[in-house]
Amino acid sequence: MTGRLLFKLFFIFMTCFLLPFKSYLQTNSENDLILKNLKTHTDNIYRLNDLLVNGKLYRPLNANANGSPYFQNDKLWRKSKLFIKGTEFSDQNILYDIENDELIANIINSDGNTKNIVLDQDFIDSLWIEDHFFINISPFTEEKINGIYEQVYNGRFKALIKHHVTYKRVINYNSPNGYYDDPETSLFILTENRLIKIPNKKSLLSYFESDKKEIGRFIRRNNINLKTASIFEYFTLFKICDDLSYE
């Protein structure tokens, strides 16, 4: 019998044993509160498993390659906050594999063993990875797109970044197991249930055609590069675009 099952049976036993005795001492409302607290406690334990561990075991494809397939270009677990089907899970260890668009959670089982689980993105609403905020865009589009995008602006439209990296099967003395290129980003605008790719400055100005002169001047004045901009630069740029477009 697993540790998880034993723990669950223990809570069921305690519920059946204690509640009749407590009823002699407490009002019905107090008994209801005990039940609610006990249910919340057990739900917190098992919902963690039901929602987080609803996925496959993670096995990196190119573990010995030079470079990294993960967001932020290293192989370190990141402290994260997940929102899964409306439930918040704080202080989770997460890796975001941007080569395969997979979120991996480091799950500690009741027996103390750990597993790296690929989370089912159908269940994920959003998450924080340190100070970066990501959303699942599937509820916001009419297209059948299910993916995790970093949100850098949220106003009358959303500005999103897709992170990705490419593995190169180039074998030489310096990279006997191949290597990963430097990570790259793609910029998108999400509006009216449509996801629109913005590959360069020209396409951005074309999208905001009526205000392209003011937006172009803002980009030049602040030396903003759409491929390498910081979160703050993206936010200020799209705030200007939003304000100008709806004046």
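Residues numbered from 1 in each chain as written. Predicted model: local features only at pLDDT ≥ 70, side-chain atom pairs only at ≥ 80, totals over all residues. Heavy atoms only, no water.

A. How the structure looks around the packing of aromatic side chains. Evaluation of the coordinates by the stated rule reveals 11 aromatic pairs. When the ring of tyrosine 153 is compared with that of phenylalanine 157, the centres are 5.4 Å apart and the planes differ by 45°; the resulting orientation is tilted. Between tyrosine 153 and phenylalanine 235, the ring centres sit 5.5 Å apart and the planes meet at 50°, which makes this aromatic pair tilted. One end of the pair, tyrosine 153, is in strand S8 (residues 148–154); the other, phenylalanine 235, is in helix H5 (residues 231–245), and 82 residues separate them in sequence. We classify phenylalanine 235 as partly exposed; its relative accessible area is 38%. Here the aromatic residues Tyr153, Phe157, Tyr207, Phe208, Phe235 and Phe238 are joined through ring pairs into a cluster of three or more. (Phe/Tyr/Trp six-rings, centres within 6.5 Å; stacked < 30°, edge-to-face > 60°. Helix = DSSP H or I, 4+ residues; strand = E, 2+ residues; numbered from the N terminus. Buried < 20%, exposed > 50% of the residue type's maximum accessible area, 1.4 Å probe, protein only.)

B. Structural detail: H5. Relative to the 21 Å expected for 15 residues at 1.5 Å per residue, H5 spans 21 Å between its end C-alpha atoms, a close match to the ideal helical length. Along its buried surface, H5 packs onto S8, strand S9 (158–164), strand S12 (184–191), helix H3 (201–207) and helix H4 (212–221). (Expected span 1.5 Å × (residues − 1). Contact = heavy atoms within 4.5 Å.)

C. Representation of the pairing of S9 in the model. Of all 7 residues that make up S9, 6 are buried, and the element is covered over most of its length. With 4 bridges joining them, S8 and S9 adopt antiparallel strand pairing. Of the residues in S9, the one forming a bridge with glutamine 151 is leucine 160. Once S8 ends, the chain turns through 3 residues before running back antiparallel as S9. Note: S9 against S12, 7 bridges, orientation antiparallel. Looking at S12, one finds that histidine 163 is bridged to threonine 185. (Pairing = 2+ DSSP bridges.)

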